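If you want the building blocks of each chain, they are given just below.
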Amino acid sequence: MVKLLHTADLHLDSPLRTLALRDLGLRDAVENATRAALSRIVDVAIAEEVAAVLIAGDLYDGNQTSMKTAAFLIGELQRLDDADISVFLIRGNHDAESRIPAKIAWPANVHVFSANAKPVALGDTGITIHGISFSESRAPKSLVPRYRPVAGQVNIALLHTSLGGAAGHDPYAPCSISDLVETGFDYWALGHIHKRSVHHENPFVVMPGMPQGRDIGEDGEKSATLICIEDGQIRLEERATSALVFRRAECDLSEAETIADVLTKIRQSIRNQVGETPTVLRLTLTGQTPAAWQVRRDADLINESAQDAAPVGRVWIDKVVLQLSTTGADEPAAGAADEIASLIHEVAGETGFQDIALDVIEDLVAGLPGELRDLFGTDPDRRYEHSKRLTTLAIEHAVARMSGASEDVE
Amino acid sequence: MRICQLKLVRFGHFADFTLDLGERTKGSDFHVVLGRNEAGKTTIAEAWLNLLYGFPNKTPYAFRHQRASLEVGADVQDGEQTFSLTRLPTKTNNLVDQNRSPVSAAVLDSLLKGVGKELYRSLYCLDDETIETGGEDILASEGDLGRLLFSAATGLATFSKDLEAERELDRAFQVRGPGSRSTVLANAKKRLEEIETERAGLDVSVREYRKRLTVVEAARTADTDARDWHEAVVAGAAGLQALLSALPLRDDLNELRGRLSDLGNLPSIDPASAGEMEDLAKSRSVIMGSMRSSEAEIARRTAERKRISVTDAERTLTPQLAALKSLHGHASSGEADLPNRREDLAVGKRNIDKCLRDLGLTGPLPLEQLTIPGPVLNAIDQAARRRDTANDAVENARRELEAAKRQLDDALLRLGDKSVAPPDPTSLEALLSNSRTVDMANRLSDAVRKVQQAQETLESTLLSLGVGSYRFDRCPGSSITIGAAQALVEKLHAIEASCSNDQDALKSGSAKIERLRARLGGLADQGIAPNDADAATSRQTRDDRWAIHREALTPESADDFAASMAEDDQSTALRLADANRLADLRGTELDLSEATVEQTLRHSALEAAQAELASANETLVSHLRALGLPEGMGSAALVDWLRLHEQASLAEHRLANANTALASAEEAAMPLRLELQQAVRDDGEPDLSRLIARAGRRAAEQRREHDAYNADLERIATAQGNCSTRDKALAIAQPEATTAEQALFDAVQLLKLPISTDLHIDHALPVLRELSAAASKQADLVDRVEKIEANIAHFSRQIHEIASPWPTLLDKPPLAIAAELAAIEADAAKRLALFEENERQIRDVSSRLSIAKDDLAQIEERAAELADHLPEASADFDQISTAVAAASEATGLRTAIRKAENHLASTLGCTAEMAEEGLKGRTPASLQAELNLLDPEIAAAQSAHNQAIGDLREAENDLAGISGDAEAARLQQDRQAELDLLAEQAEQALIRRLALIMSERAVARYRDRHRGEMMADTEAAFAMLTDGAYPGLSTQPTDKGDVLIAHRATDGRTLRADEASMSKGTRFQLYLALRLAGYRQMAASGRVLPFLCDDVFETFDEGRTAAACKLMHEMAGIGQAVYFTHHAHVADIAQKVCGDRVQIHEI
């Protein structure tokens, strides 16, 4: 049996995006998650005695400038070379964006497919590896017609593609699953989309997903795909690669009557998320509770309590998001309070208020560092959407504050 | 909402205490609760709050009762609805109603209108502490009138502070302006810059990488250039060095050329020929040496051969002995074996003799006769066994025949004298097993059982028919059915009930008539109004006088008219007033008349019913008599008796039926009965079942006898059969025994031995077998001994013949002779071998010598051929050899010259001619001088090259020094984390800022909306509280905002509320006024809740206390006000001010 390990979208040295990193413990625990994921891939490849590792693009992340990233990569690939494991890689759109040169001192086992690369036979295994690297960060047309299988071989093709398009991913070398299925290849080793998906079997069309999520948008366990080929038959297995897992969890507060109940529920929810891999958790509070206004007013306290409740070294809290139902029944209608609350809604609903909100946003954004200047959108439409969203949150905040002014937590 | 009752079941020091505030009276709900110090006034107020909002986890009111047993209840009223609520200390469902069923939180929410505990405390509870704090708040308001009024009216006391805190937070994130350098934003930017600087210091950028790459490439070019220069200079030096080393080569070449010219013009010889010539010389020398040693060897061997001698007799000895070898072996082993064999012969003879004796034979018999062939013995054996088998068969047949005969005798004896067979039971069995018989028996038995049951039932029902001494032995005939009796009973009951009702109606009718008569009397006595006639007279008088007055129109007529007018009016008024009584009187009279008529009707009805009852009773008695029952039995009992009678009648009927069925069954069973009686020969048994049982027993008995008789007959037949079979078997066995005996005799005759016929063949057969074996073995032994002896004799003859040339040996035994001859033969063989070896060697060496001579001739012939083309050719091998050597040397010199030329050429890298040309005029000294001149340049080139190598290595190291450590990536991560945190903070700051803006605007609008009302209410309350000392309030703008100004009546001065110029007491009153105004505001928004005030007037003088009470009373007009005090005078003042519209409760 011949084994191959398929991965893509390593995005080496791409920073993690989570507020949980305020915790220095987390920074220490996950020294560098994307690097750790590559090291794990190499460990798995050596342990499984694979014949080759297939990397379907995006080793780097955008316009990176650090050659230390490349040096680390070379070091890890050298480990594979020492274990007599071949590496086949193609470049992805992010690699093209990266300023790290395409031609660096790769170890002898590494084969980088160029734009007009010929297929390469993998020793005497009867397996032939195909791949095309595109040198630009945009590939508007399908690359599939340029792939030709070799007769009598198990043909495996590396391709960096957005397929028919996916949310959060720019179109790149677009093609359809049926395009790929009809080519006569046995396995399409894809890359580009960060979520794992086996799109087709016989032949296999596999998007392995990235080996390490970097923010809550890339949540869930990540893995590399182990391809086992025996007598021309292909079988897949998954091998976990994440050093850190991003997870979302909902905490339903419907049965919580007091703020103490709320904290108990939050603790329970967090405990339920403790797993093998260190976890960064985004907790969304839902449901309808009489303590909703307290939760809103004391969001900071809730956040801190959640941080405290997270088992040390196992779970870190990214953020506690409030999506509590607002039927009005959960707001204390305290005399003037509800009149003022309705006045707040009145003020916020006035046309002129959006202009004020836009000015306030403009003013604040002007003072932010360059990287954050587009935090609240750059074009007027996006800026307006943010202004509406922030106004809604501000209403909740103001009403909760006012409720707290008449009712202190006991 | 108002409190009706507050029940402190277990709370504080109270147990089952109830504060009953009763109903709201006369549009006011003002209560003064008067109690001594420590009576628990504050506790009551707290109990109310605990009822509304639950018991806190830690409560100071659980000292007498455990917290787990605390309980407070209240009856509260909200609009038209009343609720009974009780608060329990349990965790859940702790608010229950009067049935202890949980009350939904929604109920309380709707009662409280969403007012929470703290809001209740701040808006609806007042005590010393809150009023003190409130007064201080006014001082601290610092011109923030809006906040002052706002917090009093809304209870959102901390909201303004919260807003300020929000502003503070907002400033911490401001982008520009004073203080912005130390904001969260500025700090974050600073940190980002620091991280970036650190990262830049640690990281290796792509630009840096490219720079290092450029340096490496430049160093590589410099290295190549330096190497080229160095190589060029070194090459120059090497050229000179080559010339220097070529000079000796040129000299050697010249010397070789000189030596060749010394050898003259000798032709060259093929080096192979020269080599061959040398080889030939060497071979010739070797062959000649070999020839010499061969000739010496032949001479030595010839002399030695002459010294060896062997006789003919010795020469022939070996084949003779070899021919005798086998015989010698036999003789030798026979000689050793012969004594043993002779012993075996003796033993064999003794065995044979014994066997013969056993067989009764005497004298020697030839062994051939004694050796009996196996088939003969086997035939005797088989014949003997056949005879034995036949004899056994005869014996068995005889025994079995006898046994069969005994069995026959036994069977015959058993049968004895049973000459007649017993009767056959089959027909009786068939009769008994017939289903008709069984059914008939069952039918008869069922019929008998039913008759018995019917008889018993009839007897018991007849017994139950008895009443008192009246008894029945048979069922009497009935003159009335149950239905008719039931109808009679119902009729009697109905008539009785009707009589009873009529009697009751008569009684109540009489009572009613009495009441109506009494009422009529009463109404008649009450009459004060003029009757109809008097009234008509009075009206007429008035009308008449009116006519007179109209005519006269005099004062007198007017007075008369007025008097009669007044009289008529009075009469009318009296009649009007008496109209109801009269109407009642008439109505009563009418009722009385109706009641009297009804009473008469009831009497008639009662009489008719009583007559009907008597008639019905007579009917009943006539029936009882007819049935023979006592007359006083009663109708209901008759019905019951008739039901029993019905059952008895039924039983009688069933008995008759059963008897009929029995008779029918008896008749049907008669033929069977006769048949059975005949079968058992008993006609006296009347019971069919018993008859059947007896017949069954009879049949079984017959069956046993019949079966035994048949078994005996069968046994006799079997025994007779056996006798016949055995007889036949004996008849067959006996001839076979005779034949077998004869066959045995014939077989024994084959032995040809005079064996006695008395000898038992079974015993003789093993001896015969042993004798035959012994005789056979003995014959073999005799044969063997004879052969051994013959061998020894033959060997002796042969050996003597061979030994005849050696006469001294002939006297010795043959085997000794053989040993001697063997020794002689061995010695002769050694000598002969030596002789033959010498001869073979002489032959071999002579042959080799001859070959050597031929080789020598060939060598010399070949040498002559080789020297054939040389000028000084000769026949002499040595001369030829010398000539060839000289030619070979010349050839070698020519070769050496060529090599030297080549060496020279290769040393200088050109042709030999060019080299020799180049070397012309060159000397070692001149070349060395040139070399010395080149040394400094070589050193310089070497140094430059070394430098270039170093530079290249350094540059390459620099490039390779880019490590994959994660420090820069970590800093990048830190930077991103800072950015993410800043993004989050920015969003929060924006939310806060927008919330602040909208909150401030909303509050401003709220204040604007309510300020006027609050000001007016506060002014009125304050004026009342100060008893007009401060009739007005106004506002005054200052740089900090509006301030509240009080106008003093006495001197027209204005006092700022937030300044110390206003006395503390006045400020308290102002605060109280604000709170009361706030209460009014809350009430206006629909939140009317009980207002609890704990002795806050104690510092007030009487006048102000009275004013405060008035104010409380005013509040109580809107809602409910409860004032707790331990000052009796406050209660007095309250009563004085509010009269009965305040309720005083003493605890």
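What counts, and at which threshold
Residues numbered from 1 in each chain as written. Chains lettered and ligands numbered in written order. Predicted model: local features only at pLDDT ≥ 70, side-chain atom pairs only at ≥ 80, totals over all residues. Heavy atoms only, no water. Helix = DSSP H or I, 4+ residues; strand = E, 2+ residues; numbered from the N terminus. Contact = heavy atoms within 4.5 Å. Areas by Shrake-Rupley, 256 points an atom, 1.4 Å probe, with all protein chains shown as cover. Expected span 1.5 Å × (residues − 1). Buried < 20%, exposed > 50% of the residue type's maximum accessible area, 1.4 Å probe, protein only. Arc of directions from axis to C-beta. Buried area = accessible area lost by both parts, 1.4 Å probe. Salt bridge = Lys/Arg side-chain N within 4 Å of Asp/Glu carboxyl O. Polar contact = N/O pair within 3.5 Å; in protein donor to acceptor, adjacent residues only side chain to side chain. Nonpolar A, V, L, I, M, F, W, Y, C, P; charged D, E, K, R; others polar. Pairing = 2+ DSSP bridges. Phe/Tyr/Trp six-rings, centres within 6.5 Å; stacked < 30°, edge-to-face > 60°. Core = buried A, V, L, I, M, F, W, Y, C linked by side-chain atoms within 4.5 Å. pLDDT = per-residue confidence, 0-100.

With that settled, consider the overall build of chain B. Looking only at helices and strands, one finds 29 helices and 13 strands in chain B. Sequence separation of 24 or more characterises 75% of the internal contacts of chain B that already satisfy a separation of 6 or more. Of the roughly 62400 Å² of accessible surface on chain B, 52% is carried by carbon and sulfur atoms.

What follows is about helix α10 (residues 312-323) of chain B. Residues and elements named next belong to chain B. Taking 1.5 Å as the rise per residue, α10 with 12 residues should run 16 Å; its terminal C-alpha atoms sit 17 Å apart, in good agreement. All buried positions along α10 are accounted for by E314, L317 and L321. Here the buried residues of α10 occupy an arc of 30° about the axis, which is enough to place them on one side. Facing away from the buried surface of α10 by more than 90 degrees, the exposed residues are D312, A322 and A323. Next to the buried residues of α10 lie α11 (325-358), α21 (761-802) and α22 (814-866).

In this section: the interface of chain B and chain A. Facing the 69 residues of chain B at the interface are 69 residues of chain A. Taken over both partners, the interface formed by chain B and chain A buries close to 6000 Å², and the fraction arising from carbon and sulfur atoms is 64%. Three residues stand out in chain B for area buried against chain A, namely L990(B), L994(B) and M998(B), and they jointly supply 11% of the buried area on that side. Viewed at the interface, chain A and chain B are joined by 9 salt bridges. Ionic pairing is found between D363(A) and R993(B), a salt bridge with its closest N-O pair at 3.6 Å. Linking chain B with chain A are 16 residue pairs in polar contact (both at pLDDT 80 or more). At the level of elements, α3 (117-124), α5 (145-154), α6 (159-171), α7 (184-202), α8 (206-262) and α26 (967-1025) of chain B are the ones that each hand at least two residues to the side of chain B that touches chain A. Among the elements that make up the side of chain B that touches chain A, the one with the highest residue count is α26(B) (34 residues). Each residue belonging to the side of chain B that touches chain A can be placed in one class, and the counts come to 35 nonpolar, 12 polar and 22 charged.

Right, let's talk about the pairing of strand β6 (residues 127-131) of chain A for a bit. Residue and element names in this part refer to chain A. Extensive coverage of β6 is indicated by the burial of 5 of its 5 residues. The two faces of β6 match: I127, I129 and G131 on one face and T128 and H130 on the other face are all buried. One ladder, built from 2 bridges, connects strand β5 (residues 120-121) with β6; its direction is antiparallel. Bridge pairing in β6 places V120 opposite I129. Linking β5 back to β6 in an antiparallel pair, the connection comprises 5 residues, with G123 at a positive phi of about 55°. Direction of pairing for β6 relative to strand β7 (residues 154-160): parallel, over a ladder of 5 bridges.

Residue and element names in this part refer to chain B. For the structure on display, the rule yields 15 aromatic pairs over all chains. Between F14 and F17 the ring centres are 4.7 Å apart and the planes differ by 35°, which places this aromatic pair in the tilted class. A connected cluster of aromatic rings, assembled from ring pairs, spans Y53, Y120, Y124, Y1079 and F1091.

The next point concerns the nonpolar core. Residues and elements named next belong to chain B. Within the largest apolar cluster, 83 residues are counted, with the highest numbers of intra-cluster contacts made by F30, W48, Y120 and F1097. Top element by residues in this core is helix α27 (residues 1064-1084). It accounts for 8 residues. Setting aside residues up to four positions removed in sequence, F30 forms contacts with C1109, M1112, H1113, A1116, A1121, Y1123, A1134, C1138, R1141, V1142 and Q1143. Membership of the second largest hydrophobic core comes to 51 residues, among which are V451, A454, I692 and A699.

This next bit is on the pairing of strand β10 (residues 204-207) of chain A. Remark: a regular strand shows side chains that alternate across the two faces of the sheet. Residues and elements named next belong to chain A. Side chains F204 and V206 of β10 all project onto a buried face; the interleaved residues V205 and M207 project onto the opposite face, where all are buried too. Of the strand pairs in this sheet, strand β8 (residues 187-191) and β10 are connected by 3 bridges, and their pairing is parallel. When the bridges of β10 are listed, W188 appears paired with V205. Note that strand β9 (residues 197-200) and β10 share 3 bridges and pair antiparallel. Bridge pairing in β10 places V198 opposite V206. Between β9 and β10, which pair antiparallel and follow one another directly, the connecting turn spans 3 residues, one of which, N202, has a positive phi of 55°.

Moving on to the pattern of salt bridges. On inspection of all chains with the given rule, the structure shows 91 salt bridges over all chains. Here K265(A) ties to E255(A) by a salt bridge, and the two come within 3.9 Å at their closest N and O atoms. Taken together, the residues span a long stretch of sequence, with K265(A) in helix α6 (residues 259-272) and E255(A) in the loop between β13 (245-252) and α6 at a distance of 10 residues. We classify K265(A) as partly exposed; its relative accessible area is 22%. For E255(A), a relative accessible area of 66% corresponds to the exposed category. E208(B) is paired through a salt bridge with K211(B); the nearest N and O atoms lie 3.7 Å apart. Placement of the pair is E208(B) and K211(B) together in helix α8, with a separation of 3 residues, close to one helical turn. The class of E208(B) is partly exposed, set by a relative accessible area of 24%. Its relative accessible area of 52% is what places K211(B) among the exposed residues. Connected through salt bridges with shared partners, the residues K3(A), E48(A), R235(A), E237(A) and R239(A) form a single ionic network.

All right, on to the sheet that holds strand β7 (residues 125-126) of chain B then. All names here are of chain B. The 5 strands lie next to each other as β7-β11-β12-β3-β13, forming an open sheet whose pairing is parallel. Each having just a single partner strand, β7 and β13 (1142-1146) make up the two edges of the open sheet. Looking at chain direction, strand β3 (residues 30-34) and strand β12 (residues 1121-1125) are connected through 5 bridges and run parallel. Within β12, the position partnered with V33 by the bridge is F1124.

This part takes up the confidence of the model for chain A. Residue and element names in this part refer to chain A. Residues of chain A with pLDDT of at least 70 account for 95%, and the chain-wide mean is 88. The low-confidence segment residues 328-334 (pLDDT under 50) makes 21 contacts with residues lying over four places distant or belonging to another chain. Under a pLDDT of 50 for its full length, residues 406-410 has, in the predicted model, 17 contacts with residues more than four places off or in other chains.

Right, let's get into the sheet that holds β6(A). All names here are of chain A. Pairing is mixed across the open sheet formed by 6 strands, whose spatial order is β5-β6-β7-β8-β10-β9. Each of the sheet's edge strands pairs with one partner strand only, and the pair in question is β5 and β9. The pairing of β7 with β8 spans 5 bridges and is classified as parallel. In the sheet register, A157 faces β8, and the bridge partner there is W188.

The next point concerns the environment of T660(B). Residue and element names in this part refer to chain B. Relative to the helices and strands, T660 is located in helix α19 (residues 635-680). The class for T660 is exposed, based on a relative accessible area of 53%. T660 sits 209 residues away from V451 along the chain, and the two C-alpha atoms are 9.2 Å apart.

This next bit is on unusual backbone geometry. Residues and elements named next belong to chain A. Put simply, N202 and P203 share a cis peptide bond, and its omega is 0°. Tracing the chain through its elements places P203 in the loop between β9 and β10. Located in the positive-phi region is D84, a residue other than glycine, with phi close to 65°. Position of D84 among the secondary structure elements: in the loop between α3 (67-82) and β3 (86-90). For D84, a relative accessible area of 68% gives the class exposed. Phi at D231 is positive, roughly 50°, even though this residue is not glycine. By secondary structure assignment, the location of D231 is in the loop between β11 (223-230) and β12 (233-240).

To continue, consider the environment of S689(B). Counting through the fold element by element, S689(B) comes out in helix α20 (residues 688-749). Sequence separation between S689(B) and R673(B) is 16 residues, and the spatial gap between their C-alpha atoms is 9.6 Å.

Mapped onto the elements, S66(A) comes out in the loop between β2 (52-56) and α3. Residues in contact with S66(A), not counting those within four places in the same chain, are I100(A), D203(B) and V204(B).

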